[in-house]
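The chain contents come next:
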Amino acid sequence: MTRWQPLPAALPGEARHLVEHLRVLKGRTGLSLAELARRTAYSKSSWQRYLSGDRLPPRDAAQVLCRLGGGDRTRLLALWELAEQAWPQGAAEPPAEAAPEPAAGQRRWRTAALAASALAALLAAGLLWALPRRAGDRPAARPGDALSRVGRSTRSARTRCP
């Protein structure tokens, strides 16, 4: 069983109830914080912050812990809603799925890499099209060739008719 540190004195009562409930659910799982992190999308340090009352856990994190601990989802969500309203501003963490926006330098490198890849593909296609053919190879038809052959054959056929 984990020995929890006392919750911060400044933590509102609604938030305190949520954290205490999450601690009970975590205890029911029998998992360590590291094992909990492996089974969820949240890191060990994130779980430490949530269960110590430093941060409001994302709604999804609370639901996952409720499912793992066999808790009442309706009760948990009610506690979470009350805690969210009472939680000190700026203390909530973004959901785990929210990835940070890449920095301007990373965007420039990504754009340059995509442009270089596109240019390399165009050059390769152009070289394959322009390479000389071996003597035994059948020439590949070019888009204009079919029309010019058709035009020539009808013209020559007209001139041959009596």
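Residues numbered from 1 in each chain as written. Predicted model: local features only at pLDDT ≥ 70, side-chain atom pairs only at ≥ 80, totals over all residues. Heavy atoms only, no water.

(A) Examining the overall build of the chain more closely. A tally of regular secondary structure across the chain gives seven helices and zero strands. The order of helices and strands in the chain, counted from the N terminus, is α-α-α-α-α-α-α. A sequence separation of at least 24 residues applies to 59% of the contacts in the chain between residues at least 6 apart. Carbon and sulfur atoms make up 59% of the accessible area of the chain, which totals about 11,600 Å². (Helix = DSSP H or I, 4+ residues; strand = E, 2+ residues; numbered from the N terminus. Contact = heavy atoms within 4.5 Å. Areas by Shrake-Rupley, 256 points an atom, 1.4 Å probe, with all protein chains shown as cover.)

(B) Structural context of the nonpolar core. One finds Leu18, Leu22, Trp47, Leu65, Leu76 and Trp87 to be the most contacted residues of the largest nonpolar core, which totals 25 residues. For this core, the secondary structure elements donating two or more residues are helix H1 (13-29), helix H2 (33-39), helix H3 (44-52), helix H4 (59-69) and helix H5 (73-86). Take this core: its biggest share by element is five residues, from H1. Discounting chain neighbours no more than four positions away, the residues touching Leu65 are Leu22, Leu25, Lys26, Thr29, Leu36, Trp47 and Leu51. (Core = buried A, V, L, I, M, F, W, Y, C linked by side-chain atoms within 4.5 Å. Buried < 20%, exposed > 50% of the residue type's maximum accessible area, 1.4 Å probe, protein only.)

(C) Here's a closer look at the pattern of salt bridges. Enumeration according to the criterion identifies one salt bridge in this entry. A salt bridge links Glu81 to Arg59; the shortest N-O distance between them is 2.4 Å. Of this pair, Glu81 sits in helix H5 while Arg59 sits in helix H4; the two residues are 22 residues apart in sequence, bridging distant segments of the chain. (Salt bridge = Lys/Arg side-chain N within 4 Å of Asp/Glu carboxyl O.)

(D) Main features of H4. Inspection of H4 places Ala61, Ala62, Gln63, Val64, Leu65, Cys66 and Gly69 among the buried residues, and these make up the whole buried set. Packing partners of the buried residues in H4 comprise H1, H2, H3 and H5. Within two residues after H4, Gly70 carries a phi angle of roughly 70 degrees, on the positive side.

(E) The arrangement of the side chain of His21 in detail. Following the sequence through the fold, His21 ends up in helix H1. With a relative accessible area of 10%, His21 lands in the buried category. A polar atom in the side chain of His21 sits 3.4 Å from the side chain of Arg75. With sequence-adjacent residues up to four places away left out, His21 is seen in contact with Arg75, Leu76 and Leu79. (Polar contact = N/O pair within 3.5 Å; in protein donor to acceptor, adjacent residues only side chain to side chain.)

(F) Representation of the packing of aromatic side chains within the structure. What the rule picks out here adds up to three aromatic pairs. With a centroid separation of 6.2 Å and 75 degrees between ring planes, the pair formed by Tyr42 and Tyr50 is classed as edge-to-face. For the pair shown, Tyr42 and Tyr50 are each scored as buried. Geometrically, the ring pair formed by Trp47 and Tyr50 is edge-to-face, given 5.6 Å between the ring centres and 80 degrees between the ring planes. Of this pair, Trp47 and Tyr50 are both found in helix H3, three residues apart, which corresponds to roughly one turn of the helix. On the accessibility criterion, Trp47 (0% relative accessible area) is buried. (Phe/Tyr/Trp six-rings, centres within 6.5 Å; stacked < 30°, edge-to-face > 60°.)

(G) Layout of the packing of H1 against H3. Direction vectors running N to C along H1 and H3 enclose 130 degrees, while the axes themselves pass 8 Å from each other. Relative to H3, H1 is oriented oblique. Contact with H1, carried on its side by Val19, Leu22, Arg23 and Lys26, involves Tyr50, Leu51 and Ser52 of H3 and no other residues of that element. Its residues assigned to classes, the contact of H1 with H3 shows four nonpolar, one polar and two charged. (Axes fitted to C-alpha atoms, helices over the stretch in contact; angles between N-to-C directions. Parallel < 35°, antiparallel > 145°, perpendicular 65-115°, else oblique. Nonpolar A, V, L, I, M, F, W, Y, C, P; charged D, E, K, R; others polar.)

Don't take any of this as a statement about function, it's just geometry.
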